[in-house]
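Per-entry structural report
Okay, here's what each chain looks like letter by letter:
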Amino acid sequence: MTAFDRDPVSPVISRRRFLKGTALAGVGAFLAACSSSGATSAPVTSVSASNAAIPTLPPATPAPSVAATPKTITGPLHWAQWPAYIDLTGKAATNLKYAPGSSPTLEQFKAKYKVDVDYEEKIEDNNTFYATIQPELVAGAPTGWDLIVITDWLAAKVITKGWAEQIDQSNVPNCTANLRDALKGQVWDPKNDYHYPWQSGMTGIGYNKASLASAKIAAPTSLKDLWAIDPKKVSFLTESRDTFGLGLLKLGKNADPQQTSADDLQAVHDDIQPLVQGGLTFADNSYLQNFAAKKTWAAMVWSGDLASSGGTDDLFVFPDEGTMIWTDNMLIPKGAVNIYTAETMMNFVYDPTIAGQIANFVYYVSPVKGADVVVTDLNKSAPLDPAVLALLFPPDAVVAKQHNFQFLPDALETTLNTLYLDLAGG
Amino acid sequence: MTAPSLPVRVGPTGPSFRQRVGKATPYLLLAPGILWLLIFFILPTFQMFLTSVSTGSLDNGFKLTWSGAAYVTSLTKFGTQFENSLIYGGIATLLTFAIGFPVAYTIAFRGGRWKNFLLFIVIAPFFTSFLIRTISWKVLLLDNGPVLGFLRDTLHLLPADASVIGTPIAVIAGITYNFLPFMILPLYVALEKIDPRLIEAANDLYASRWGAFRRVTIPLALPGIFAGSILTFIPALGDYVNAILLGSPQTQMIGNVIQSRFLLLGDYPVAAALSFILMAAILVAVSIYARVLGTEQLTG
């Protein structure tokens, strides 16, 4: 988040667009109020129709609908999450779905609040997941989820469109008290009315030590090294912001939404094109399986995954050129049924003890103050490997080279998607 | 007329209620199907056509401008993917026929009391999800998987860097496997209907076994061949799952383009235009195919 914090006035979301967002939140609150009476609100069939409706409604604050939420726990809590993102173990981790007894954190929550949790690792990629909920959100219908975890750029999009329920801050005292300062004051939600971070992470290089050694290839330390491995054994990410962001760094360009031009992205495209012709593939979170099957030897990966869920030979390295930094955020989508339970869960995971327990398992950067102390305590008897510790608490040298390439101006985003699709063959 | 016991029809001079109902019966029976098609096929198709001639973006909405730009983009930019679809779909259809015909023939003429069991085996894969089956192929075809590993390391038939996953071979293999039952079942139905005495008669008339097969069995099986190849070729042409899971960026098909334009880029006009072009291409191909095979044989 550092790149973003340095310049909080992002051109991505102008004041006008932000106001439009709050107005839409009003529409959403109105629709939610209609649907709570039992009858589903009339679906708005197209995006243009929902946009056309904005000027006719006053930019109401959605607060009344929040105050109306009864403070009783209801369930089960439907929670859509990324794989390898909580202490899920055993068969449940393979099935990507929580089963009783598979996660200490969820077990504690269930015991404390006497409610069931339907925790599913349904999100492999922001775009693909967004496509599954976007039609419902546009139509003002429930998405089926009470809590979703999405990356900055998508969280900003969902919130500015008014598709997130407002969080009642009085229900989340742990969040208000323990959110790390560096993550506060996002332009798209400055007061955390609609989101709280789940984990932050970095995008860098992952590789399988044994595979590379048997092919007599030196372990990669820079992005240039990644370009030098047989592309058939390499995968980049379907999250185009990560792939192109690292691509910019590899070319020695600054990965900064304010400075990057369409030409820069074109240069990255042209730099990756030969690899694609040589057999490079693009992977979502499924790179974990590809590493396990030895299909992939080296790849662009997200920082905590290989350490928490990969094999012993699968390692993560911060490339010399720098890393991408991003945050995945918890949001309550419009139309959620168990809003209070979702808020209770946010509050629960912002308890430093719980946050430390999660961080100690997933190896990502916790957004919760005091989680670091808990992690250190948990590993008193057997201190963590320094490499793993660097994932949880990135060293200053790494932090200095973190780039946030999340919030792109509309035109740049379209260019990025088009260039990415051209590479991916779509 | 002095017998008042005969029932006398009273009412207006037009057709009776029962007559009217009788006349309307076919329409009443068709109504659910027609309504279904109207609401879930005709209307969306019309909507999609309007989208294909609109301009705009997902965030700001699409406006009907009757612009043909989406069609120009569709026809100029995605030649490779259209080509891939045609080639992969075509080869897969030929392969399903080559594999499926002997299977259907054997079940129909030699199946005996095992017929039902054999047919069950043919459709058994359908009890598993399409995705799971395709992902299993991915596992099978991996570089160190059971197939390649065995051929390369045990039999030394393949060079060390042999790879199938990510090549057209993997995609075609996946499509062939996934659509095979759609070929076998119509072929079986057509072959099963053939009266064996016709083949005997051909033999009596001095036809060789091959001659009888060519001039009796094949013509009688034509409706099955037609139905089977249509049922395989059309969905294979629009398939995108096999290309995603088994292919690489070079083996993407037109279905992948439509999917990513709709879901990733939010470029609805081009996605809709591509769908229309695909639909038109299929219609043209099928009507040529029907003309060549002769429609009266297909309905008979």
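Note that the structure is a prediction, hence the values are computed from the model and not measured.

What chain B contains, in helices and strands, is 13 helices and 2 strands. The globule rule puts the C-alpha radius of gyration for 300 residues at 19 Å, and the 26 Å found for chain B is more than 25% above it. Seen through its C-alpha atoms, chain B measures out along the principal axes to roughly 105 × 70 × 35 Å. Among the 300 residues that make up chain B, the fraction classed as buried is 39%. Restricting to contacts in chain B with at least 6 residues of sequence separation, those with at least 24 account for 67%. On chain B, the mean spot of the 19 positive side-chain charges and the mean spot of the 12 negative ones are 14 Å from each other.

This next bit is on the interface of chain B and chain A. With 24 residues of chain B in contact, the opposing surface of chain A contributes 28 residues. A combined buried area of about 2,000 Å² lies between chain B and chain A, and 54% of that area is made up of carbon and sulfur atoms. Between chain B and chain A we count 0 salt bridges in total. The interface formed by chain B and chain A includes 2 residue pairs in polar contact (both at pLDDT 80 or more). At the level of elements, strand S2 (61–64) and helix H11 (254–265) of chain B are the ones that each hand at least two residues to the side of chain B that touches chain A.

Residues and elements named next belong to chain B. Take Phe 276: it is sitting in helix H12 (residues 268–293). Residues Phe 276 and Ser 74 lie 202 residues apart in sequence; the distance between their C-alpha atoms is 10.0 Å. Beyond its immediate sequence surroundings of up to four residues, Phe 276 is in contact with Thr 45, Met 48, Phe 49 and Tyr 71.

A separate point is a nonpolar patch on the surface. Together, Leu 35, Trp 36, Leu 37, Leu 38, Ile 39, Phe 40, Phe 41, Ile 42 and Leu 43 of chain B make up an exposed nonpolar region whose accessible area comes to about 920 Å². Topologically, Ile 39 of chain B is positioned in helix H1 (residues 17–52).

Core analysis: the largest hydrophobic core is formed by 116 residues, its most contacted members being Trp 79, Phe 236 and Met 345 of chain A. Lining this core are residues from two domains, each supplying at least three of them: domain 1 (14–194 + 332–350) and domain 2 (201–325 + 400–424) of chain A. Not counting chain neighbours up to four residues away, the residues in contact with Trp 79 of chain A comprise Ile 86, Leu 106, Asp 118, Tyr 119, Glu 120, Trp 145, Leu 147, Val 149, Trp 198 and Met 345 of chain A. Ala 104, Met 183, Val 216 and Leu 222 of chain B belong to the second largest nonpolar core, which has 24 residues in total.

All names here are of chain B. Entries for chain B in the domain assignment read domain 1 (17–52) and domain 2 (79–299). Facing 5 residues of domain 1, the contacting portion of domain 2 comprises 7 residues. Considering only the side of domain 1, the residues that lose the most area to domain 2 are Met 48, Thr 51 and Ser 52, jointly responsible for 75% of the buried surface there. Inspection of the region where domain 1 meets domain 2 yields 0 salt bridges. On the surface where domain 1 and domain 2 come into contact, there are 0 residue pairs in polar contact (both at pLDDT 80 or more). For the side of domain 1 that touches domain 2, the per-class residue count stands at 2 nonpolar, 3 polar and no charged.

On to the packing of helix H3 (residues 79–110) of chain B against H11 of chain B, then. All names here are of chain B. In the contact formed by H3 and H11, the axes pass within 7 Å of each other and the chain directions differ by 130 degrees. The pairing of H3 with H11 is recorded here as oblique in orientation. In this structure, H3 uses Gln 81, Phe 82 and Ser 85 to contact H11, whose residues at the interface are Ile 254, Gly 255 and Val 257. Grouping the constituent residues of the contact of H3 with H11 by class yields 3 nonpolar, 3 polar and no charged.

Our focus in this paragraph is the domain arrangement of chain A. All names here are of chain A. Along its sequence, chain A is carved into domain 1 (14–194 + 332–350) and domain 2 (201–325 + 400–424). Taken together, the contacts link 14 residues of domain 1 with 15 residues of domain 2. Overall, the association of domain 1 and domain 2 removes approximately 1,200 Å² of surface from exposure, summing both partners, and the carbon and sulfur fraction of that is 43%. Of all residues in domain 1, the largest losses of buried area upon contact with domain 2 belong to Ala 84, Glu 124 and Trp 153, amounting jointly to 43% of the total for that side. Connecting domain 1 to domain 2 are 1 salt bridge. The residue Glu 413 makes a salt bridge to Lys 157 at a minimum N-O spacing of 3.1 Å. Summed over the shared surface of domain 1 and domain 2, the number is 6 residue pairs in polar contact (both at pLDDT 80 or more). Residue assignment for the side of domain 1 that touches domain 2 shows that the elements contributing at least two residues are helix H7 (126–139) and helix H8 (152–160).

Here we come to the confidence of the model for chain A. Averaged over all residues, the pLDDT of chain A equals 83, while 84% of them reach at least 70. Counting contacts from residues 1–67 of chain A, a segment whose pLDDT is below 50, to residues more than four positions away or on other chains yields 88 contacts.

With 12 residues, helix H5 (residues 130–141) of chain B extends 17 Å between its outermost C-alpha atoms, agreeing within 8% with the 16 Å of an ideal straight helix rising 1.5 Å per residue. Listed as buried for H5 of chain B are Arg 133, Thr 134, Lys 138 and Leu 141 of chain B. For H5 of chain B, the buried positions fall inside an angular range of 150 degrees around the axis, keeping them on one side. Close packing links the buried residues of H5 of chain B with helix H14 (287–292) of chain A together with helix H6 (146–154), helix H7 (168–192) and helix H10 (241–246) of chain B. Where H5 of chain B begins, one side-chain oxygen reaches toward the backbone nitrogen of Leu 131 of chain B, 3.1 Å away; that side chain belongs to Ser 129 of chain B.

The next point concerns H6 of chain B. Residues and elements named next belong to chain B. Among the residues of H6, Leu 148, Gly 149 and Arg 152 are the ones counted as buried. End-on view of H6: buried residues confined to an arc of 95 degrees, all on one side of the axis. Residues of H6 that are exposed and angled more than 90 degrees away from the buried face: Pro 146 and Thr 154. In this fold, the buried residues of H6 make contact with H5. Of the residues flanking the end of H6, it is His 156, one or two places downstream, whose phi is positive at about 55 degrees.

Turning to unusual backbone geometry, a few remarks are in order. Residue Pro 76 of chain A follows Gly 75 of chain A across a cis peptide bond; omega there is 0 degrees. One non-glycine residue with positive phi stands out, namely Lys 294 of chain A, at about 65 degrees. Among the residues examined, Lys 294 of chain A registers a relative accessible area of 35% and is labelled partly exposed. One non-glycine residue, Trp 66 of chain B, lies in the positive phi region at around 55 degrees. With respect to the helices and strands, the residue Trp 66 of chain B is situated in the loop between S2 and helix H2 (69–77). Using a relative accessible area of 57% as the deciding quantity, one classes Trp 66 of chain B as exposed.

Reading the values: the criteria
Within each chain, residues carry numbers counting from 1 in the order of the written sequence. Following the order in which they are written, the chains are lettered starting with A and the ligands numbered starting with 1. Owing to the predicted nature of the model, reporting of local features is limited to residues with pLDDT of at least 70; listing and counting of side-chain atom pairs is limited to 80 or more, with chain, interface and lining totals taken over all residues. Remark: hydrogens and water are excluded; side-chain values derive from all non-hydrogen atoms of the structure. Strands are runs of DSSP state E lasting at least two residues, helices are runs of H or I lasting at least four, and both sets are numbered from the N terminus onward. For the radius of gyration, the atoms used are the C-alpha atoms, and the globule rule reads 2.2 Å times the number of residues raised to 0.38. A 1.4 Å probe rolled over the protein chains alone gives each residue an accessible area, and that area as a share of the maximum for its type sets the label: buried under 20%, exposed over 50%, partly exposed in between. Any two residues whose heavy atoms approach within 4.5 Å are treated as being in contact. His is not counted here, nor are the chain ends, while Lys and Arg score as positive and Asp and Glu score as negative. One atom stands in for each charge, and that atom is NZ of Lys, CZ of Arg, CG of Asp or CD of Glu. What gets called buried area is simply the loss in accessible area from a 1.4 Å probe that two parts show on being joined, summed for both. Take a side-chain nitrogen of Lys or Arg and a carboxyl oxygen of Asp or Glu: if they are within 4 Å of each other, that pair is a salt bridge. Pairs of N or O atoms within 3.5 Å make up the polar contacts considered here, provided that, within protein, one atom can donate a hydrogen while the other can accept it, and that residues adjacent in sequence are counted only when both atoms are side-chain atoms. Nonpolar side chains (Val, Leu, Ile, Met, Phe, Trp, Tyr) are joined into patches within 5 Å and like charges within 9 Å, using only residues with over 30% relative accessible area and no salt bridge. Residue exposure ignores everything except the shown protein chains as possible cover, and the areas themselves are Shrake-Rupley values with a 1.4 Å probe. Put simply, buried Ala, Val, Leu, Ile, Met, Phe, Trp, Tyr and Cys residues joined by side-chain atoms within 4.5 Å make one nonpolar core. Boundaries between domains were set according to an automatic or database domain assignment. Residues are grouped as follows: Ala, Val, Leu, Ile, Met, Phe, Trp, Tyr, Cys and Pro are nonpolar; Asp, Glu, Lys and Arg are charged; every other residue, Gly included, is polar. An axis is simply a line fitted to the C-alpha atoms; with a helix, the fit covers only the stretch in contact. Between two such axes, the angle follows the N-to-C directions and lies from 0 to 180 degrees. The labels follow the angle: roughly parallel below 35 degrees, roughly antiparallel above 145, roughly perpendicular from 65 to 115, and oblique for the rest. A residue's pLDDT is the predictor's confidence in that residue, given on a scale from 0 to 100. Here, expected helix span is obtained from the residue count minus one, scaled by 1.5 Å. To obtain the arc, one takes the directions from the helix axis to the C-beta atoms.

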